[in-house]
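Examination of the molecular architecture
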Amino acid sequence: MAEAADFQGTSPSPARRWLRRTASLLAGAPLLAGLLQLPGAQSAGAALQDAPEKASGSRTVAVAVDSLSPGVLGDGDTLTVSGTVTNNGEQAVTDARVDLRLGPELTTRSVIDSAAERTGYLPGADGSALGGKYVTKIDKLAPGVARHFSISVPADKLHLGDDGVYQLGVSLSGSTAAQSWEHVLGIQRTFLPWQPEEAEPRTKTTFLWPLVSTVHMTAETGPGEQQTPVFLDDDLAQEISPGGRLDQLVSLGRGLDVTWVVDPDLLASVDAMTGSYRVRGDGDTTTAGTHQAVAKQWLAQLQQAVAEKEVVALPFADPDLASLAHNGTSVTGSLSQLKAASDVAATTVQTVLHVSPSTDFAWPVEGAVDPSIVKVATSAGADKVIARSDSLKENGGLWYTPSAARPIGGGTTAVVADAGLSTAFQGDLTKASSATLAVQRFLAQSLELNLQTSKQRSIVVAPQRMPTSGQAQAMASALTALQGGTWSQAQQLTAAARAKPDPDATTKIPSASSYRSALRRQQLPRSAFQQIATTQDKLDNFQVVLTDESRVATPFGRAMNREMSTSWRGRATPASTFRQDVEGHLATLSDQVRLIEKSDTKLSGRSATIPVTVQNNLVQGVDHLVLRLTSTNSTRLKIGGKTFDEQPIAVSGGHSQTVKFTTSANVNGQTTVVAQLYTQDGRTYGAPVTFDVKVTEITAAVMLVIGGGVLLLVLAGFRMYTQRKRAAARTAGDDGSDGAHETEGDAENPQGPAERLSEQSGTDARTDDPQQPSDPAPDTAAENTGPSGTGERVDR
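What you see is a predicted model, and the numbers here were worked out from it, not measured in a lab.

Re the pattern of salt bridges
Under the criterion given, the structure shown has 25 salt bridges. Its salt-bridge partner being Arg441, residue Asp113 comes within 3.1 Å of it at the nearest N-O pair. Of this pair, Asp113 sits in helix H3 (residues 109-117) while Arg441 sits in helix H13 (residues 432-450), and the two are 328 residues apart along the sequence. Residue class for Asp113 comes out partly exposed when judged on its relative accessible area of 22%. For the salt bridge of Arg118 with Asp126, the shortest nitrogen-to-oxygen distance reads 3.4 Å. Here the salt bridges do not stand alone but share partners, grouping Glu366, Arg388, Asp390 and Arg516 into one network.

Shown next, in the form of structure tokens:
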């Protein structure tokens, strides 16, 4: 921001304001002269800065303004100020009273800031007490004791002058044993905007209302058709439950004229909670999520809140643009991740909220920009970058705050949010006193900005991404008062971006060296983007073999978007753990499709088949895989007549497939064989399986032994045949003449009766002779060489 009183040598403000403020300065000249003549007087700022921070002097009593109503005072209103006073000193305060002190009009925004930061009582600068009946009397305030006060005064009793911002002090005066005279022992300053009549023109104010959270969902999903999501924790349920941070933002923002800035990942996460989901516990355990009703209620309230309101969708998971610009662009594929996050944003918001969001805006952290950040921010399709005035500083001598829109070249518009207004609600605002001071300071800055010039301007307020409940409540109070005031009117962000830019406003993007070191230290390192690229490469290799790749492409794609989230700033360890979990879960799924380990094999013969089994433990089938079997010594052993052979693989979910390869041996010895799966584009998939094949060649000596055995078998068979033929002939003779047949038989067969009986029974007399064994079959006997069906169940 730039204005006349803030910088020496700048142009004066318009005549109307200049004359009025000159008169105020002249009226205060005697007071300033009196201050300079005080004994031991010195620079007020230096004196206060050097004063010790202890409960003494005008800091003895702490004064807290818990409520100031109305925040914007108008004609006929009654101002009510209430709060507490606490004695932090060591002595009791007697005859104490709480007064209102109307200070001088504060004519510049920098003076307002100075007054807000000043502590202790400064005579003259803090004005005179109203006195009369507009006091709260306290007879005695003991050490450590707090007392409540409330003072109401009609607006006309304040005798306010022209439109402007007035300092309002609440002080406690009294005496102590050490200082028995009445003096100020404590004071708190706040601001009273005074604009009783409608301003002409009004400032057009755009207030961004962010709905952003940290990362909650993992890449893990259940095995069923519903793919039950798994959450890191149950913190999101707390945020959207009644009274939670996100619940407060929705309920408060519903009645305000704001532009909703939404992270689609938050919507997707809450939407996932409306169904079945699980939450990680200790170790690898998960428990069933139980907050479906809360998620449904929050989404329903949000849908009502954004109806007919402007919604701006950030890229999915709100990627850290500065980290990407400074550390990620040198890593291949990082910008593609940003593009993917941008492409899915609109669809997610439309699906969940049933509104069409704007995706034209990029919002770097705290609006800090440099050329590389702008380049990255616009690379995914956004043509408007939300910057902040403490980054894109005015250097042209402007004495007023210009409109937000600035053309910065290349068809890109920088929408410069006002730093003073955007940072008004930071810090701990859980106490009512802190919130009240923040609200009044915001209103004072807004009115002072309007009074700078007669030009109508479009001003943008971009608060912190994740305001707490207390900060959100203070923001809502300030906006309610602002929208009920007389100098501002609400405007949408897209309208502010289209507003006519001020020709004198700066359009020069600061250099990379100007990027604040505190922000740079919180960035994601280059190693984070390298790990994301590695995970993406593994995902690409895995999903091409699946029959339904969307089951992994979507959860892992969104998980990698989450790895780039702005919410990881300042949380390096959790960010690294999340990236490792994503990559580890992907590896676990990939390993479900693998080759079964195989023991060493013996081949007794010149040819045989070798079976190799592929197992698929996924719930879906795999296809587009090739199994290659390679011999490391093709001279000794060939696979399919060459060094290697390969066959296509398709395995149903939960099944295995055995593939048989024909081999041929040339010489004796042992050969190492490698089985490896490949994708159809030639990339290896999974770990190889290696085993040894021992080839036993058939020698000439062995062949002679086998031949001799065969010859003996043939001779034995021939003898048995002739013997049975003779026996049959004798049986035929016995049918004609028993004696003749018997005599003839005895003549023909001189053997004894027992031998004849043996012959007649058809039994060889040498049945006890050892039999010659046949050649044993090889370890891998010839089989059907066709692949087995995919319907074989995995034997576990």
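Comments concerning the nonpolar core
In summary, soluble globular proteins display a tendency toward joint burial of nonpolar side chains. With 72 residues, the main nonpolar core has Phe542, Leu595, Val622, Leu627, Leu629, Ile649 and Val693 as its most contacted residues. If we ignore the near neighbours within four places in the chain, the residues touching Ile649 are Val614, Val622, Asp623, His624, Leu625, Val626, Leu627, Gln657, Val659 and Leu677. Core analysis: the next-biggest nonpolar cluster, separate from the first, contains 67 residues, Val72, Met273, Leu447 and Leu482 among them.

What to know about the confidence of the model for the protein chain
Averaged over all residues, the pLDDT of the protein chain is 85; the fraction at 70 or higher stands at 83%. The model gives residues 1-53 a pLDDT under 50, and that stretch makes 68 contacts with residues more than four places away or in other chains. Segment residues 737-796: pLDDT under 50, and 66 contacts once partners within four positions in sequence are set aside and those in other chains are kept.

Observations regarding the sheet that holds strand S23 (residues 601-604)
Read across the sheet, five strands follow the order S23-S30-S29-S25-S27 without closing on themselves; strand pairing throughout is mixed. In this open sheet, the two strands that pair with only one neighbour each are S23 and strand S27 (644-651). On average, each strand axis in the sheet is tilted by 25° relative to the strand beside it, whichever way the strands run. Two strands pair when backbone bridges link them, and strand S25 (residues 622-631) and strand S29 (residues 669-679) are joined in this way by seven bridges, in the antiparallel orientation. Considered in S29, the bridge of Thr630 is made with Val674.

Things to note about the sheet that holds strand S16 (residues 361-362)
Within a beta sheet, neighbouring strands are joined by backbone hydrogen bonds and run either parallel or antiparallel to one another. With mixed pairing, the four strands of this open sheet are ordered in space as S16-S17-S19-S18. What marks the edges here is a single partner per strand, and that holds for S16 and strand S18 (405-407). Sheet analysis places S16 next to strand S17 (residues 384-388), joined by two bridges and oriented parallel. Bridge pairing in S17 links Ala362 to Val385.

Describing the side chain of Gln620
Inspection of the secondary structure puts Gln620 in the loop between strand S24 (607-616) and S25. A distance of 2.7 Å separates a polar atom in the side chain of Gln620 from the backbone nitrogen of Asp548. Not counting residues up to four positions away in its chain, the partners in contact with Gln620 are Leu546, Thr547, Asp548, Glu549, Arg551 and Gly653.

A word on the pairing of strand S30 (residues 684-696)
As paired elements, S23 and S30 share four bridges and run parallel to each other. Note on S30: the bridge partner recorded for Thr601 is Val693. Here nine bridges tie S29 to S30, and the two strands are oriented antiparallel to one another. Within S30, the residue paired with Gln670 across the bridge is Lys694. Once S29 ends, the chain turns through four residues before running back antiparallel as S30, passing Gly682 with a positive phi of about 90°.

Some thoughts on a nonpolar patch on the surface
Residues Leu711, Leu712 and Leu715 make up a contiguous nonpolar surface patch of roughly 310 Å² in combined accessible area. Topologically, Leu715 is positioned in helix H20 (residues 700-734).

Here's the deal with the packing of aromatic side chains
Overall, the coordinates contain six aromatic pairs when judged by the stated rule. An angle of 40° between the planes, with centres 5.5 Å apart, marks the rings of Trp568 and Phe578 as tilted. In this pair, Trp568 sits in the loop between helix H18 (550-563) and helix H19 (572-590) while Phe578 sits in helix H19, placing the two residues ten residues apart along the sequence. The exposure classification of Trp568 matches that of Phe578, with both residues buried. Three or more aromatic residues joined by ring pairs form one cluster here, namely Phe207, Trp209, Phe425 and Phe442. Directly above the aromatic system of Phe691 lies the positively charged group of Lys598, at a separation of 5.7 Å from the ring centroid. It is Arg628 that lies over the ring of Tyr678; its NZ or CZ is 4.4 Å from the centre.

Details of the packing of helix H8 (residues 321-328) against helix H9 (residues 334-343)
In contact at an axis separation of 10 Å, H8 and H9 are set at 160° when each is read in the N-to-C sense. Taken together, the axes of H8 and H9 lie roughly antiparallel to each other. As for how H8 packs across H9, the hand of that crossing is left-handed. Contacts between H8 and H9 involve Leu321, Leu324 and Gly328 from the former and Ser334, Leu335 and Leu338 from the latter. Each residue belonging to the contact of H8 with H9 can be placed in one class, and the counts come to four nonpolar, two polar and no charged.

Rules of the game
Residues numbered from 1 in each chain as written. Predicted model: local features only at pLDDT ≥ 70, side-chain atom pairs only at ≥ 80, totals over all residues. Heavy atoms only, no water. Salt bridge = Lys/Arg side-chain N within 4 Å of Asp/Glu carboxyl O. Helix = DSSP H or I, 4+ residues; strand = E, 2+ residues; numbered from the N terminus. Buried < 20%, exposed > 50% of the residue type's maximum accessible area, 1.4 Å probe, protein only. Core = buried A, V, L, I, M, F, W, Y, C linked by side-chain atoms within 4.5 Å. Contact = heavy atoms within 4.5 Å. pLDDT = per-residue confidence, 0-100. Pairing = 2+ DSSP bridges. Axes fitted to C-alpha atoms, helices over the stretch in contact; angles between N-to-C directions. Polar contact = N/O pair within 3.5 Å; in protein donor to acceptor, adjacent residues only side chain to side chain. Patch = residues over 30% accessible without salt bridge, like charges linked within 9 Å, V, L, I, M, F, W, Y side chains within 5 Å. Areas by Shrake-Rupley, 256 points an atom, 1.4 Å probe, with all protein chains shown as cover. Phe/Tyr/Trp six-rings, centres within 6.5 Å; stacked < 30°, edge-to-face > 60°. Lys NZ or Arg CZ within 6 Å of the ring centre and 35° of its normal. Parallel < 35°, antiparallel > 145°, perpendicular 65-115°, else oblique. Left-handed = near helix turned anticlockwise from the far one by under 90°. Nonpolar A, V, L, I, M, F, W, Y, C, P; charged D, E, K, R; others polar.

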